[in-house]
Structures are given as structure tokens and as C-alpha cells.
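Residue-level listing of the chains:
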Amino acid sequence: MAIYVFNLLVGYFPCGVDNAQGYRAQILDHIGDPVRYIFTEIPSVEDMEYYERLGIPEKEMLSAHQFFTDNCSMEATVEINTKLCELKESMQYTEIKETSDGKELQKNGERVAFISLDKHKKCIRYIKYYKQAKLIRGEFYTDELLYGDYYMIAATNGCEYAKLVRRTYFNRDGTVCFDMIYDNGKERYLLPDGRCCTKSEFMAEFIKRLKLTEKDTVIIDRFSQWEYVQPLFQFGNKARFIAVFHTGHYFEENEGPAHLLYLNEEYYYPFRNAKFIDTIVVSTEEQKKELQEKLTEYGQRVPEIAVIPAGGIQGLRYPETVRKPYSLIAVSRLARSRRIQEIIRSVVLAHERNPEISLDIYGSGEYEQELCKIVEENSAQRYIRFAGYQNVTEIYKNYEVLLTASFHETFGLAMLEAISSGLAMIGWDAKYGNHLFIHPGKNGYLIALDLKSVEGEDQRVKDMAEKIVEIFRDRKRLDEFSQHSYRLAGKFLFREVEEKWKELLLS
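My aim in this report is to walk through the structure given alongside it, one point at a time. (Residues numbered from 1 in each chain as written. Predicted model: local features only at pLDDT ≥ 70, side-chain atom pairs only at ≥ 80, totals over all residues. Heavy atoms only, no water.)

We now examine the overall build of the chain. Check the secondary structure of the chain and you find 14 helices and 25 strands. Computed over C-alpha atoms, the radius of gyration of the chain comes to 25 Å, within 12% of the 23 Å expected from 2.2 N^0.38 for 507 residues, which places it in the range of a compact globule. Oriented by its inertia axes, the alpha-carbon framework of the chain measures out at about 75 × 55 × 45 Å. Here the chain, with 507 residues, has 55% of them falling under the buried criterion. Split by element, the accessible area of the chain, about 23500 Å² in all, is 47% carbon and sulfur. In the chain, 67 positive and 78 negative side-chain charges are present, and the distance between their average locations comes to 0 Å. (Helix = DSSP H or I, 4+ residues; strand = E, 2+ residues; numbered from the N terminus. Rg over C-alpha atoms; globule rule 2.2 N^0.38 Å. Buried < 20%, exposed > 50% of the residue type's maximum accessible area, 1.4 Å probe, protein only. Areas by Shrake-Rupley, 256 points an atom, 1.4 Å probe, with all protein chains shown as cover. Lys, Arg positive; Asp, Glu negative; His and termini not counted. Charge placed at Lys NZ, Arg CZ, Asp CG, Glu CD.)

Written out as C-alpha cells, the structure is:
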């Protein structure tokens, strides 16, 4: 049996689904069956390195585009010194300039090539070639040249830039496998047999070539607007399909971004095609119950629904020194749906009553500049800090309280990691993860969430500020909150989650 995981994301900000895939990779590695993690978009070096840091081995990654060639390795093995000798002969470069991420080749003071290296700085990942300071060609390497990029000089609003117009994939012997043509935002694929395919048709061809059987398992983490989903159901050849629901699938009135009663677009397709899905995996019993009700309400078949937490912990983490007093932490992708602006405004109000209170925000995203502006407008830079995207596993234990303001935490990996480091918690009385990890009066506070209130955000900010002040009033009680978080975290040890996945996959 082989396990195929769809899909690893390319070109987006890091999110909770990525982290969940990293957690699960460690579990699947222990089960022992071959696993391949699929890129349905062409990954960059940074994409591959990011997922490897999360715990997904590079040797288990598979690019759908690369699969058409006879080169299935994604590991970089072409050594830089060997290539430099080759380029010296062909390009006659005169100088090598070292940079933080590679080597720039110059000829008589003009850049002629740039070589990006792997994380070990020994092997080549990508080479960019220049002519008269303009990018004209690129080459991506694994253990051989995998594909070449070809550019033309284009202009927008009077500014010239290098426009990618063709990408050619090669077999190991250097012969052309297929071409990708880029035209006005669309991709076309020219296959060796003469066919010209769209992206959807190309994905269908990829699924066919996987030759899935009833002995294979396909785990689908993302559904919305992905060209591979329909071909998977169409050409999956009775493979076992497991759909993992990482977010809330249904919004009540005023819960969702459109303030309507509606089905999350991420799950519109699996709801309509529930008959093809063998098992749906959710993170909490509360989510399972609502999912069963909604599938029935929509007149769809209800598949087997398994409750398996989206993550687990290796053990409990204790501070090596005293935690920073009155310290708050928020860990999240910086997107509007995470409502970090409400956390910031709440901390500003709380700080007026307790000047010792501070907040560190970990994460990155498209909303960061607006959030920074809110901090500046409130002259709060001294006690509210943006720490960027980091691996925070060992950082939580330095803080006392985690704040979360999202209305939707299907599981909440940040909350799990926080309780494993003994943090108290403050968040909304919202499904599903908040109910799982925040036990009111035992390890923190759940704040009543009235989405129909005319006061809206202003009232929520006041309510959260009040709880922030309250949680720091009694140091003995705060320590008791910490101990309860540690006891709760013990129920989510890695081995417990691993057993649930083993039971599902081996059944």
C-alpha cells in the first residue's frame, strides 16, 4: 500500500494546514507504508525547504510536473564546484561574488549568472543567466537538470521586466519531456505525443499515471479550486479517499466573512461528492456531530467520520527560567479572519490599567502593515511587538498567557502547543478548538461571543481587555491555570494521535 497526500501548497503564506501536515508526517513515518507528498504546483526552493523544516522529508516530496520525466528525485546533488568549472569554460566569467544565498558570477564587472544553493551551500538548486543585466534563462536542478525557464523582456507602465514565457522539462538524458507555455496568465502543456493540454487536463493525465489501486490511500487536505480534485475522483481507480477537514465547514449567521449563512467554499466540492469519500477526518467530537447534521441536511451520504486531532505533542515543556511576568503571546497567520486587530486593541486597553502587561505577536501575512499601523496609532510599540514567523515550539514556555481572537479554530495547533508549555488561555466562546483547549475558570477564560450585538468589535475588545486584566490579578490562580493546561496537554501526546491514525489506515 502507498499513501499519497494532496497537496503541499506553493506561493502562499504559511498556515495551520501546513503545520498539521508536518505533524502528520511524523506519524505516517512511523506507520511504515511508502508516503508521497504531492506538489500540484511547481515548488520553489523555499517551498521545499519550508516543508522539510515542518518535518516532511524531501525524498518523499513529489512534483506532479516532475513525475512526467524519468527523474523523480527532488534532492539536490549537483555540486557547485563541478558546475563552476563547467561554467568557467562556457561563460569565461572573471569574478565570483559570494552572497548569503549563493554565488554571483561576473564577467568584466557585469553579472552574467547567479547560482542559488541548497541549505548546505554545497549543491545547486537554480541558476539564473543574464545578458546585459537582463534575466534571459533559468535552470532548476535536482540530481540532474530538471527544467529550464526562458524569458522575454516585457514592459508594464514603462517599466521593463523579465517575463517567463516557456518552461521545458527534461529527462535524465537531456531530451525534452514536455513544454509549458505561459500566455496571459494561462498555462498550456505541450506533451510529446503532440497534445496541447490545459492545467486541468494535465492534472488528469498525472492522476492516470499514478495508477492508483484499491490498495492505495489518498489523503486530501485541500479541496477548494484545485484542478486535481475532480480527476482524483474520476481516475482514482477505487483508491481509498480520506478527506481531512481543517477548518469549519459551515458558518452560522454573522460568523463568516460575508456575514451570511453559507457553506465554506473549501467544502462545497466534498459535500457534493461525499459518495466518493470513504472517510472524513475531523479534529473534535463537536465538529463531527455538526458535520453529520449538515451532510444529512444537504441530502448527502454521510461517510465514516473519524475524530483525530490535527496535531500532537512529544512531551510537556517547562520554562528554564522564570516566565516573563504579565506576558501575552499571540501566534497566528496575520490575516483579517484571525482578528489580531482586536487582540491589539484589547491589550492597549488592558495596559492602561496594568502598565506591566506586554504582548508579542508571532506570525506573518498580508495584514501585517495594517496591524503595525494600529500599534503605532496607539503609541504601543514599547509593549506590543511583532516577532515575525518563527518556530515557536520552544518559545511559548517563556510566556504566561496565550490570546486567540479567531471565530474559527477547528483544532488550534497554537493552542495545543501553548498548553503543552503550561500557558493560560483567553479566547471566544466559539467552536470548536476553543472549547477543546480552554476550560473556563480552570486554565483561562472563554468570553461570551454575541455576533448579533450592535456594538460588535468595540464590545469584544472591552470584554477581552477585562479578562486580560483579570487573569493577572491573582498570581496563585494563574499558576493553577498553568498546571491545568499541563494536565490537559497530556491527553494529546504524540503516541495517542499516532495510534488513531494507525487504526484508521490499517483498518
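There is more to say after this.
Right, let's talk about the sheet that holds strand β23 (residues 401-403) for a bit. Hydrogen bonding along the main chain pairs the strands of a sheet, whether they run parallel or antiparallel. With parallel pairing, six strands are arranged side by side in an open sheet as β22-β21-β20-β23-β24-β25. Looking at the sheet topology across the chains shown, the edges are occupied by β22 (384-388) and β25 (444-447). Between one strand and the next, the sheet's axes are offset by a mean angle of 20 degrees, whatever the strand orientation. Here β23 pairs with strand β24 (residues 424-428) via three bridges, running parallel. The residue bridging Val401 from the neighbouring strand is Ala424, located in β24. (Pairing = 2+ DSSP bridges. Axes fitted to C-alpha atoms, helices over the stretch in contact; angles between N-to-C directions.)

Below, the discussion takes up the pattern of salt bridges. Across all of its chains, the model carries 34 salt bridges by this definition. Note that Arg336 and Glu370 form a salt bridge whose closest N and O atoms lie 2.9 Å from each other. Taken together, the residues span a long stretch of sequence, with Arg336 in the loop between β20 (327-331) and α8 (340-353) and Glu370 in helix α9 (residues 368-377) at a distance of 34 residues. Here Arg477 ties to Glu470 by a salt bridge, and the two come within 3.0 Å at their closest N and O atoms. (Salt bridge = Lys/Arg side-chain N within 4 Å of Asp/Glu carboxyl O.)

Packing of α8 against helix α12 (residues 457-471) brings their axes to within 8 Å, and their N-to-C directions diverge by 50 degrees. Put simply, α8 runs oblique to α12. The two elements α8 and α12 cross, and the hand of that crossing is right-handed. Residues Gln341, Glu342, Ile343, Arg345, Ser346, Val347, Leu349, Ala350 and Arg353 of α8 lie in contact with α12, whose contacting residues are Glu457, Asp458, Arg460, Val461, Lys462, Met464, Ala465, Glu466, Ile468 and Val469. (Parallel < 35°, antiparallel > 145°, perpendicular 65-115°, else oblique. Left-handed = near helix turned anticlockwise from the far one by under 90°. Contact = heavy atoms within 4.5 Å.)

What follows deals with helix α14 (residues 494-505). Structural remark: α-helix, 3.6 residues per turn; residues separated by three or four positions point the same way. Relative to the 16 Å expected for twelve residues at 1.5 Å per residue, α14 spans 17 Å between its end C-alpha atoms, a close match to the ideal helical length. Considered for burial, the residues of α14 that qualify are Phe494, Val497, Glu498, Trp501, Leu504 and Leu505. Taken down its axis, α14 places every buried residue within 125 degrees of arc, on the same side. Among the exposed residues of α14, those oriented more than 90 degrees off its buried face are Arg495 and Glu503. On its buried face, α14 is in contact with β1 (3-6), α1 (16-31), β14 (217-220), β15 (240-244), β18 (279-282) and β19 (304-307). (Expected span 1.5 Å × (residues − 1). Arc of directions from axis to C-beta.)

Below, the discussion takes up the nonpolar core. Counting residues in hydrophobic clusters, the biggest one holds 78 residues, and the most contacted among them are Phe6, Leu28, Tyr51, Phe178, Leu232, Ile280 and Trp501. Apart from the residues lying within four places of it in its own chain, the contact partners of Phe178 are His65, Phe68, Arg167, Thr168, Tyr169, Tyr189, Leu190, Leu191, Pro192 and Phe202. (Core = buried A, V, L, I, M, F, W, Y, C linked by side-chain atoms within 4.5 Å.)

This next bit is on the environment of Gly22. Looking at where Gly22 falls in the secondary structure, it is placed in helix α1. Assessed through its relative accessible area of 2%, Gly22 is described here as buried. In this structure the C-alpha to C-alpha distance between Gly22 and Glu52, which are 30 residues apart in sequence, comes to 8.4 Å. Ignoring sequence-local partners within four residues, the contact set of Gly22 consists of Leu54 and Ile56.

Turning next to the environment of Ile438. Mapped onto the secondary structure, Ile438 falls in the loop between α11 (433-437) and β25. Judged by relative accessible area, which is 1%, Ile438 ranks as buried. When neighbours within four sequence positions are excluded, Ile438 is seen to be in contact with Thr404, Met415, Met425, Ile426, Gly427, Asn443, Gly444, Tyr445 and Leu446.

For the rest of this paragraph, the subject is the pairing of β25. Residue alternation in β25 divides its side chains into two sets, Gly444 and Leu446 and Tyr445 and Ile447, and both sets are buried. Pairing of β24 with β25, which is carried by four bridges, proceeds in the parallel orientation. Looking at the pairing, Trp428 lines up with Ile447 of β25.

So, about the packing of aromatic side chains. For the coordinates displayed, the defined rule picks out 23 aromatic pairs. Ring geometry for Phe178 against Tyr189: centres 6.4 Å apart, planes inclined by 40 degrees, an arrangement best described as tilted. Separated by eleven residues along the polypeptide, Phe178 in strand β11 (residues 176-183) and Tyr189 in strand β12 (residues 186-190) bring together distant segments of the chain. No difference in accessibility class separates Phe178 from Tyr189, as the two residues are buried. Sitting above the plane of the Tyr93 ring, Lys88 keeps its charged end 4.9 Å from the centroid. Across from the ring centre of Tyr326, 4.8 Å away, lies the NZ or CZ of Arg475, which sits over that ring. (Phe/Tyr/Trp six-rings, centres within 6.5 Å; stacked < 30°, edge-to-face > 60°. Lys NZ or Arg CZ within 6 Å of the ring centre and 35° of its normal.)

Read these as spatial facts, not as claims about activity.
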